[in-house]
Each structure stands twice: as C-alpha cells, then as structure tokens.
Amino acid sequence: MTLILVAGLPSCTRKGEPSGRFRGAASIAPLSSLLRTVAGEGWDIHTIVPPGISAHVFEPTPSDAARLARVDLVVTVGGGYDPWITKMVEACASKARVLDTAGFLGLAPEESHDEDEHGHAHAHSHSAGHDPHWWLSPRLAVEVLPELAATLSRVDPAGAAGYVRRSAELEASILELDGEIERHLAPRKGTGFVSAHPAWTHFALRYGLTQIGSIEPAPGRDPSPWEIRQLIDGARKGGSSTLFTEPQFSTAAATAIASDAGLSLALVDPIGGVPGRMSYVEMMRFNMAAFEKGLARKAGGS
Ligand SMILES: [Zn+2]
C-alpha cells in the first residue's frame, strides 16, 4: 500500500512568491489550532485534512502537495495516523521541518496489519500506548507544546522568546480546561462507552472512563453481527445507553444499532475545525458537554 501511495502522489508544483512570512501546516484542525496559537502573528498555518473527513481515509490532492512543497514546518500526528504527509514532504524534497508528535510522545504504531487496506495500523490499536489520538487528552496536549515552541524556534530563532511565552500561556489555559473537564466528568467516573471509532483511549484514561468498543473498528469497515451484539452488551454493562457518533463517520450503523437496541445517540468530535468548535479548547469543551450528557443516560432505563 505504501508503494501505491507514493506512486499516486500528486506533483509538487511550487506556486506563489515568498511573502516574508513563515508557513506552517498540520494534518488536522486540533493540531493547527495548537500550532497557530504558539506560532503567533508571523505565521500562516494551514490544515490539510478538511474537518468533515476522516484523516484515516484521506487522499491528498495536488494542491495539498503544492502547499507542502513550500511550507517551513509540518506538524503531523504520527503513530501511523497520517503517514501520507511525511511521504509527500519527502517526495516533494520539501525543506520543511517535520514534527511527529506521537513519536515525540512515545506512542509507537503497532506492527502493520495487512488486512487494513488503508495501511492504518492505528485502526487495530486499542491500548493507549498505540492510540495516536493523543490530543484528546489535554494532559498529553500540554506535553507537546514545549516541543512545538522548540521546533518553531529552530525555523525562526529570532522568534524563540515569543514561541516559549505563547506556549506557556496556552499550557495554562489547557490545564484549566483539563480541570474543568475533570470536574464535569467526575460523576461519570467508571462509565463505559461505545465510540464511532477507536479514538478516545487517552481521553477515557485521563477522566476515568472506558472505551468499550467502536462502531467502526477499522476505517471503512462495518461491525459484524457478533461485534454489534458485543457493543450493545458492553454499553449496557458499562452503564451508558448512548452510542457516540462523530461527524467524520457515517451514522448509518450507529443509528440502526441504536434503534434496534433502544440506545441513544450523541455527537462527539475528535477533529473540530468548524464553527462552535474551531479551536482546540472549544472542541474539547464541546466533547466535555456531550460526554457529560450522554454518559448520564444509564442503560436499562429508569
Ligand atoms: Zn481517528
């Protein structure tokens, strides 16, 4: 699959004149949000994967390649989540620095699994050490901030003091957010939940919840009848009668399961980047509220 991906890469045409500003890119909106805040006014930051699309099945376009060919810094999730981005940077002989955030956090991808046609080892990862969705734990997000500041400073040493200052300010607001989520979800501690895809391991670990299973266990694959039975039983035993859907995934399977089993649906969003959850902090507040409400619905009625 790697060969196909590289052979199918869009061309690296460079367009545009130097603007005197720095250019940065991140694969997904929450990373862009963190990067944009730490980078400040001197940078233009672009998000590669549009908000409504799952990065797990994303196909880069020629304009993505053209843009990556002329950025100074690329921030990737890493950990098998967005391998196409590093390949594009290499194929375009871009001089961009690449920050692999999951790698920095020590979240190694699992050994690759041939049955996954998209090559996302992540899809089969259920332990926290392999789940690349680190940004869904604010505690992991703050660990990445100093590395963002350091990487920005390597590109632009003159701006170092500003990067360090903004990183510290953002850390303070994210830690405040973390405390707020902790307080809101404390009454839900110990509750299990079913997600749209296995993205919430770090979030669950941080707030004392359990991700029992996912409706889409691998990108583009619907659950088998046996898996559906497991999900319903898990949700009931776990104490939550809510299935959590995500904007990047089809709700067809979740809707069918919920109506068959008498479960409710609630929307959470691991990517954001849309009005109301544009910034990282707004997105996490949205998820806090959705989990607080959704996990309050106990299985078995009453
Ligand atoms: Zn994901």
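Conventions adopted
- Residues numbered from 1 in each chain as written.
- Predicted model: local features only at pLDDT ≥ 70, side-chain atom pairs only at ≥ 80, totals over all residues.
- Heavy atoms only, no water.
- Helix = DSSP H or I, 4+ residues; strand = E, 2+ residues; numbered from the N terminus.
- Buried < 20%, exposed > 50% of the residue type's maximum accessible area, 1.4 Å probe, protein only.
- Contact = heavy atoms within 4.5 Å.
- Areas by Shrake-Rupley, 256 points an atom, 1.4 Å probe, with all protein chains shown as cover.
- Expected span 1.5 Å × (residues − 1).
- Salt bridge = Lys/Arg side-chain N within 4 Å of Asp/Glu carboxyl O.
- Donors = N, O, S within 2.8 Å, 3.2 Å for Na, K, Ca; no water.
- Pairing = 2+ DSSP bridges.
- Axes fitted to C-alpha atoms, helices over the stretch in contact; angles between N-to-C directions.
- Parallel < 35°, antiparallel > 145°, perpendicular 65-115°, else oblique.
- Left-handed = near helix turned anticlockwise from the far one by under 90°.
- Nonpolar A, V, L, I, M, F, W, Y, C, P; charged D, E, K, R; others polar.

Remarks on the overall build of the chain
Reasoning step 1: A count of helices and strands for the chain gives 11 helices and 8 strands.
Reasoning step 2: Across the 302 residues of the chain, 53% fall into the buried class.
Reasoning step 3: Sequence separation of 24 or more characterises 63% of the internal contacts of the chain that already satisfy a separation of 6 or more.
Reasoning step 4: Roughly 13,100 Å² of accessible area belongs to the chain as shown, and the carbon and sulfur atoms make up 55% of that amount.

Focus: helix α11 (residues 280-294)
Reasoning step 1: Compared with an ideal rise of 1.5 Å per residue, which puts 15 residues at 21 Å, α11 spans 21 Å between its outermost C-alpha atoms and is within 8% of the ideal.
Reasoning step 2: Those residues of α11 lying buried are Y280, V281, M283, M284, N287, M288, A290, F291 and G294.

Details of the pattern of salt bridges
Reasoning step 1: In the structure shown here, the tally under the stated rule is 9 salt bridges.
Reasoning step 2: A salt bridge links E169 to R165; its shortest N-O distance comes to 3.5 Å. Residue E169 and its partner R165 are both found in helix α7 (residues 160-185); the two are separated by 4 residues, about one turn of the helix.
Reasoning step 3: For R165, a relative accessible area of 46% translates into the label partly exposed.
Reasoning step 4: One salt bridge connects D178 with R206, and the closest N-O pair in it is separated by 2.8 Å. Taken together, the residues D178 in helix α7 and R206 in helix α8 (residues 201-207) connect sequence positions 28 residues apart. Residues D178 and R206 agree in their burial class; the two are buried.
Reasoning step 5: Residues participating in the shared-partner salt-bridge network are R139, D178, E182 and R206.

A short note on the coordination of the zinc ion
Reasoning step 1: Each protein donor to the zinc ion is listed here as H56 (NE2), H133 (NE2) and H197 (NE2); together their distances run 1.9 to 2.0 Å.
Reasoning step 2: Here the donor residues of the zinc ion share one chain and are spaced in sequence as H-x76-H-x63-H. With H56 in the loop between β2 (43-47) and α3 (62-69) and H133 in the loop between α5 (101-105) and α6 (138-155), the pair connects residues that are 77 residues apart, well separated along the chain. Take H56 and H133: they sit in the same class, and that class is buried.

With respect to the pairing of strand β3 (residues 73-76)
Reasoning step 1: Residues L73 and V75 of β3 are buried on one face, and the alternating residues V74 and T76, pointing to the opposite face, are buried as well.
Reasoning step 2: Sheet analysis places β3 next to strand β4 (residues 97-100), joined by 4 bridges and oriented parallel. When the bridges of β4 are listed, V74 appears paired with V98.

Description of the packing of helix α2 (residues 29-39) against α6
Reasoning step 1: Running from N to C, α2 and α6 point in directions that differ by 50°, and their axes come no closer than 10 Å. Between α2 and α6, the angle falls in the class oblique. Where α2 crosses over α6, the two elements pack in a sense that is right-handed. For the pair α2 and α6, contact is made by L34, L35, V38 and A39 and by A141, L145, L148, A149 and L152, respectively.
Reasoning step 2: When the residues that make up the contact of α2 with α6 are grouped by side-chain class, the tally is 9 nonpolar, no polar and no charged.

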